[in-house]
Amino acid sequence: MSDLTTPHARLHIPGPVEISAETYAAMATPMIGHRSKDFVNLYDDIHPRLQELFGTTTQPVFLSTSSAWGVMEGALRNLAGHKKVLCCCSGAFSDKWVDVARRCGLDAEALQYDWGTPVNPADVKEKLDTGEFDVVTFIHNETSTGVMNPLAEVAEVVRSYGDDIMLVTDTVSSFSVVPMKFDELGVDVMLLGTQKALALPPGLALFSVSERAFARAETVEGRGYYFDFLEFKKNQEKSMTPSTPCIHTIYGLHHQLDNIFAEGLEARFARHEKLNGMVHEWIDSKGLDYLAPEGFRSKSLTCISNNKEIDVAKLQGIMRDEHSIALDGGYGKVKGKTFRISNMGDENETTINTLLAALDDSLEKL
Ligand SMILES: *Cc1c(COP(=O)(O)O)cnc(C)c1O
């Protein structure tokens, strides 16, 4: 049996990311009942801080015991069905979302871009002008390509149609890395999973829902139970969840929120920006390329376009065997043609310097 003292490959993949021993320790608490006062206190304690991270002063933040995809599918089941769904597709996760919508029996259309190309708000406007759509799915940070899409601009387009079109935004790998402005931008659903920048175990998703979206959900039949937004709302009013949540990960979240607010949000954003810059400097010094164009590069991870034809599988092997570091080898159809370096979560200058030195050493040994 292995435990926390067992040597392991330190995760520098873009999720799940490395989890600190302190976080695991915070999770090792006696179990409590999910209908107990203890749970209400736990939820009450984290909720205002979650709202601050989401950038909302009025809307609830829900705890879903599922991975992010649960809420990505759930949002469609709550909001779509009257008109068509427009899915902004530019990478593995966004491409999959249109497939998920169709598997839910919905009429969904892809606004398709090549992987690495950011979503263009003018194209979204052209599609929405047809009047055929009432839900848009949008991925802020396309983790497969390292592109950060223009959320504010796309939100402005969607809101220009009033309350009729729902903007569902995946911030899975950008949440807590850059500021989130749920209220200000007029997003309808914002969601994430805890295994990315929050540096928690997988299995918990967080999301917020606008009043517009609650009103839409009222009109949609077949929302089911497990992801029913109105069920979440009713329970959250009592600081509870519809069903038994993953209480230990919520304890971990409590601990990470303590850390995040002790560091300060601005300092946390600046740290991610700085570490990301260190990775970029290294990439530039090697003459390597980026898949994402300048101005649209993620702050949480970097997707390197393998212009030097590095044997990525071999590089991963050396990193694992000689440096105990798990390196990503590219995702989906860009596997091997790209590889990605994550700098999100609890990383600091020392861990990033260690990573970059290990990469230098491994590249020499190829
Ligand atoms: C990781 C990731 C997901 C998938 O999350 P799961 O937790 O596996 O459901 C979705 N979207 C983005 C952008 C991601 O990075």
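Residues numbered from 1 in each chain as written. Predicted model: local features only at pLDDT ≥ 70, side-chain atom pairs only at ≥ 80, totals over all residues. Heavy atoms only, no water.

On to the overall build of the protein, then. Scanning the protein for helices and strands turns up 13 helices and 14 strands. Relative to its length of 366 residues, the protein is compact, with a C-alpha radius of gyration of 20 Å against a globular reference of 21 Å. Split into buried and exposed, the 366 residues of the protein put 58% on the buried side. Of the accessible surface of the protein, which amounts to about 14,800 Å², a share of 50% is contributed by carbon and sulfur atoms. When the 35 positive and 52 negative side-chain charges of the protein are each reduced to one mean point, those points stand 3 Å apart. (Helix = DSSP H or I, 4+ residues; strand = E, 2+ residues; numbered from the N terminus. Rg over C-alpha atoms; globule rule 2.2 N^0.38 Å. Buried < 20%, exposed > 50% of the residue type's maximum accessible area, 1.4 Å probe, protein only. Areas by Shrake-Rupley, 256 points an atom, 1.4 Å probe, with all protein chains shown as cover. Lys, Arg positive; Asp, Glu negative; His and termini not counted. Charge placed at Lys NZ, Arg CZ, Asp CG, Glu CD.)

The next subject is the sheet that holds strand β11 (residues 289-290). Ordered in space as β11-β12-β14, the three strands form an open sheet in which the pairing is antiparallel. The strands lining the two open edges of the sheet, one partner per strand, are β11 and β14 (338-342). Contacts between helix α11 (residues 265-285) and the sheet are confined to β11, β12 (301-305) and β14, with β12 contributing the most and set at about 15 degrees to the helix. (Pairing = 2+ DSSP bridges. Contact = heavy atoms within 4.5 Å. Axes fitted to C-alpha atoms, helices over the stretch in contact; angles between N-to-C directions.)

The next subject is the pairing of strand β5 (residues 133-139). Here β5 lies mainly inside the structure; seven of its seven residues are buried. For strand β3 (residues 84-89) and β5, the ladder comprises four bridges, and the chain directions are parallel. Note that in β5 the partner of Cys-87 across the bridge is Thr-137. Pairing of β5 with strand β8 (residues 166-170) involves five bridges; the strand directions are parallel. Bridging across to β8, Phe-138 finds its partner in Thr-169.

Before going further, it helps to examine the site of the ligand. Ser-67, Ala-68, Trp-69, Met-72, Phe-93, Ile-139, Asn-141, Thr-143, Asp-170, Val-172, Gln-195 and Lys-196 make up every residue found near the ligand. The backbone of Trp-69 places a nitrogen or oxygen atom 2.9 Å from an oxygen atom of the ligand. Taking Thr-143, its side chain carries an N or O atom lying 2.4 Å from an oxygen atom of the ligand. In isolation the ligand exposes 390 Å². Once the protein is present, 89% of that is buried. Cavity membership is defined here by more than half of the atoms lying within 2 Å of grid points; on that basis the ligand lies in the largest pocket. If one sorts the elements of the shell around the ligand by residue count, helix α3 (residues 68-79) sits on top with three residues. When grouped by side-chain class, the residues that make up the shell around the ligand number six nonpolar, four polar and two charged. (Near = heavy atom within 4 Å. Polar contact = N/O pair within 3.5 Å; in protein donor to acceptor, adjacent residues only side chain to side chain. 1 Å grid on protein atoms, 1.4 Å probe; cavity = no way out; pocket = protein on both sides within 12 Å on 5 of 7 lines; lining within 4 Å. Sits in = over half its atoms within 2 Å of the grid points. Nonpolar A, V, L, I, M, F, W, Y, C, P; charged D, E, K, R; others polar.)

Before going further, it helps to examine the sheet that holds β5. Pairing between the strands of a sheet comes from backbone hydrogen bonds, and it takes one of two forms, parallel or antiparallel. Taken in spatial order, the seven strands make up an open sheet running β2-β10-β9-β8-β5-β3-β4, and their pairing is mixed. Of all strands in the sheet, those bounded by a partner on one side alone are β2 (61-64) and β4 (108-112). Ignoring which end each strand starts from, the neighbouring axes of this sheet average 20 degrees apart. Helix-sheet contacts for helix α9 (residues 229-236) involve β2, β9 (189-193) and β10 (205-209), and the interaxial angle to β2 is about 110 degrees.

Two aromatic rings, taken as a pair, are described by how far apart their centres are and by the angle between their planes. Taken as a whole and assessed by the stated rule, the structure comprises 10 aromatic pairs. An angle of 40 degrees between the planes, with centres 5.5 Å apart, marks the rings of Phe-62 and Phe-232 as tilted. You can see Phe-62 sitting in strand β2 and its partner Phe-232 sitting in helix α9, a full 170 residues away along the chain. Taken together, a centroid distance of 5.2 Å and an interplanar angle of 35 degrees make the contact between Phe-93 and Tyr-331 tilted. With a gap of 238 residues between them, Phe-93 in helix α4 (residues 92-103) and Tyr-331 in the loop between β13 (325-326) and β14 connect regions that are remote in the sequence. By relative accessible area, Phe-93 is classed as buried at 16%. Ring pairs connect the aromatic residues Phe-62, Phe-207, Phe-214, Phe-229 and Phe-232, which therefore count as one cluster. (Phe/Tyr/Trp six-rings, centres within 6.5 Å; stacked < 30°, edge-to-face > 60°.)

Take the nonpolar core next. Counting residues in hydrophobic clusters, the biggest one holds 88 residues, and the most contacted among them are Leu-63, Leu-191, Leu-206 and Leu-253. For this core, the element with the highest residue contribution is helix α2 (residues 37-54), accounting for seven residues. Split by domain, this core shows at least three residues from each of two domains, domain 1 (10-18 + 264-364) and domain 2 (22-260). Among all residues touching Leu-63, those that are not within four sequence positions of it are Phe-39, Tyr-43, Ile-46, Leu-50, Leu-204, Ala-205, Leu-206, Phe-232, Thr-241, Ile-250 and Leu-253. In this structure, Ile-283, Leu-315, Phe-339 and Leu-359 belong to the second largest nonpolar core, which totals 21 residues. (Core = buried A, V, L, I, M, F, W, Y, C linked by side-chain atoms within 4.5 Å. Domains from an automatic or database assignment.)

Further remarks concern α2. For α2, built from 18 residues, the straight-helix expectation of 26 Å at 1.5 Å per residue is met to within 8% by its first-to-last C-alpha distance of 25 Å. Just downstream of α2 lies Gly-55, where phi reads positive at about 80 degrees. (Expected span 1.5 Å × (residues − 1).)

Turning next to the layout of surface pockets. For the largest pocket, the calculated volume is near 260 Å³. If you go around the largest pocket, you meet 18 residues; those closest to its centre are Pro-14, Phe-93, Val-172, Gln-195 and Lys-196. With three residues, α3 is the largest single contributor of residues to the lining of the largest pocket. Taken together, the residues of the lining of the largest pocket sort by class into nine nonpolar, five polar and four charged. Mapping the lining of the largest pocket onto the domain boundaries places at least three of its residues in each of domain 1 (10-18 + 264-364) and domain 2 (22-260). (Points joined across faces, edges and corners; volume = space filled by probe spheres on them.)

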